[in-house]
Amino acid sequence: MYQGSSGAGEGFEVTKFGHGRVALIGFPSVGKSTLLTLLTGTHSEAASYEFTTLTCIPGIIHYNDTKIQLLDLPGIIEGASEGKGRGRQVIAVSKSSDIVLMVLDASKSEGHRQILTKELEAVGLRLNKRPPQIYFKKKKTGGISFNSTLPLTHVDEKLCYQILHEYKIHNAEVLFREDATVDDLIDVIEGNRKYMKCVYVYNKIDVIGIDDVDKLARQPNSVVISCNLKLNLDRLLARMWEEMGLVRVYTKPQGQQPDFTEPVVLSVDRGGCTVEDFCNHIHRSLVKDVKYVLVWGTSARHYPQHCGLGHVLQDEDVVQIVKKKEKEEGGRGRFKSHSNAPARISDREKKAPLKT
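Small disclaimer: the values here were computed from a predicted structure and weren't measured.

(A) View of helix α1 (residues 32–40). Every buried residue of α1 is listed here: Lys-32, Ser-33, Leu-35, Leu-36, Leu-39 and Thr-40. All buried residues of α1 project into a common sector of 160° when viewed along the axis, lining one side. Residues of α1 that are buried make contact with β1 (20–26), β2 (57–63), β3 (66–72), β4 (99–105) and α7 (233–244). Within two residues after α1, Gly-41 carries a phi angle of roughly 85°, on the positive side.

Now the structure itself:
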């Protein structure tokens, strides 16, 4: 029997707010909602049964003069990439964030982390990896040209041709700049992969031994915490700040003290950290009027340093913009900057003929 389309469901996506966005991902009942409540003060329903959180709950962390949006997402279960337990919506929201905090139960096995990583990889999310150094470009004619700048151990020319033919690509240019695997080549051909930073947060360390805690804390990209006893939350915030790479830039009006209340927050992921990006952040038309900028801070070699639009700013720099002066009408004295006379001879006014 044919069924009509259902009405609009409950919204899941949350509007972006603040200078950065962090998503909490994890299995049900690992303490994501408790962590959100502790870090942001926003109340998220927490209970001892699974799937307490059924939709996306946002909160704001006020840290280092910036506002960071933290999203509490429903728990992910095995098979989420195929749509189980609203898994696809959860992963789609996490794709739109700047960094992922994978909340894990310290008392459970390491298998949880592998299952979650596998589910995220199935939908094109690559955690703590950088894009492969492979140049790939489709062409209209000319066949497939295959080159590499170093010896390859995983992929050879024949295998590359086979993969491209599977994708019905018969004219392309491929250049390997690193010893990449077959999966890396497929990621580059697909072109829809997202490479994200991820911090593994091991919660509930109060229920395991100190040796296990030490072992977990020494793993790469890992932070151990306890929401129950409020342990190590400041280290988690510091680590999150470090991974996001936010750059605070303070403004200084000419002849006045710098304004340290409201920084302009830039990041490499959201636009860039150059002086030009800073000017665009304030106003789009400002770049045309900039003569040069004066910079104080860690990015400057001496104080103040005269910089152009390409200068890369660093955290807690102070910037003063010097604008171009508008040309004065008529100039000064006998040294006029420009004359009022017409540019072409034909445009000159003809004098009245002399009376005879």
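(B) Region of the structure containing the packing of helix α4 (residues 157–166) against helix α5 (residues 182–190). Two numbers describe how α4 lies on α5: the axes approach to 11 Å, and their chain directions differ by 40°. The orientation of α4 relative to α5 falls into the category oblique. The way α4 lies across α5 gives a crossing that is right-handed. Along its contact with α4, which presents Leu-159, Cys-160, Ile-163 and Leu-164, the element α5 presents Val-182, Leu-185, Ile-186 and Ile-189. Within the contact of α4 with α5, the residues separate by chemical class into eight nonpolar, no polar and no charged.

(C) View of the packing of aromatic side chains. Applying the stated criterion to the full structure yields three aromatic pairs. Where Tyr-63 meets Trp-241, the ring centres are 5.9 Å apart and the plane angle is 65°; that geometry is what we call edge-to-face. In this pair, Tyr-63 sits in strand β2 while Trp-241 sits in helix α7, placing the two residues 178 residues apart along the sequence. Taking relative accessible area as the criterion, Trp-241 reaches 12% and is therefore assigned buried. Judged by centre distance (5.1 Å) and plane angle (65°), the ring pair of Tyr-250 and Phe-260 falls under edge-to-face. With Tyr-250 in strand β11 (residues 247–251) and Phe-260 in strand β12 (residues 259–266), the pair connects residues that are ten residues apart, well separated along the chain. By relative accessible area, which is 4% here, Tyr-250 ends up buried. Owing to a relative accessible area of 49%, Phe-260 belongs among the partly exposed residues under this scheme. Between Arg-113 and the ring centre of Tyr-200, over which it is positioned, the NZ or CZ distance is 3.7 Å.

(D) Summary view of the pattern of salt bridges. A complete count under the given rule lists nine salt bridges for this structure. A single network of salt bridges, built from pairs that share partners, joins Arg-126, Asp-187 and Arg-193.

(E) Spotlight on the sheet that holds strand β14 (residues 305–307). Here five strands make up an open sheet; going across it, the order is β12-β11-β15-β13-β14 and the pairing mixed. If you trace the sheet from one side to the other, it starts and ends with β12 and β14, each paired once. For this sheet, the mean angle separating the axes of adjacent strands, direction not counted, is 40°. Direction of pairing for β11 relative to β12: antiparallel, over a ladder of four bridges. Counterpart to Val-249 in the pairing with β12 is Val-264.

Scoring rules and cut-offs
Note on numbering: residues in each chain are counted from 1, in written sequence order. Per-residue local features of the predicted model are confined to residues with pLDDT of at least 70, and side-chain atom pairs are confined, for both listing and counting, to 80 or more; whole-chain, interface and lining totals are unaffected and use all residues. The side-chain figures draw on all heavy atoms in the structure; neither hydrogens nor water molecules are used. Each residue is assigned to one of three classes by its accessible area relative to the maximum for its type, calculated with a 1.4 Å probe on protein chains only: buried under 20%, partly exposed between the two thresholds, exposed over 50%. Put simply, DSSP marks the helices as runs of H or I at least four residues long and the strands as runs of E at least two long, and each gets a number from the N terminus on. Here the arc refers to the directions that run from the helix axis out to each C-beta atom. We call two residues contacting when some pair of their heavy atoms lies within 4.5 Å. Fitting a line to C-alpha atoms yields each axis, with helices limited to the stretch in contact; the angle taken between N-to-C directions then spans 0 to 180 degrees. Roughly parallel means an angle under 35 degrees; roughly antiparallel, over 145; roughly perpendicular, 65 to 115; everything else is oblique. Throughout, a crossing is termed right-handed when the near helix is turned clockwise from the far one, and left-handed when it is turned anticlockwise from it by less than a right angle. Each residue is assigned to one class: nonpolar for Ala, Val, Leu, Ile, Met, Phe, Trp, Tyr, Cys and Pro, charged for Asp, Glu, Lys and Arg, and polar for all the others, Gly among them. Stacked, edge-to-face and tilted are the three classes for Phe, Tyr and Trp ring pairs, Trp counted by its six-membered ring, which pair at centre distances within 6.5 Å; planes under 30 degrees apart are stacked, over 60 edge-to-face, the rest tilted. For a lysine, the NZ atom is tested; for an arginine, the CZ atom; a charge sits over a ring if that atom is within 6 Å of the ring centre and within 35 degrees of the ring normal. By salt bridge we mean one thing: a side-chain nitrogen of Lys or Arg within 4 Å of a carboxyl oxygen of Asp or Glu. Note on pairing: two strands pair once DSSP finds at least 2 bridges between them.

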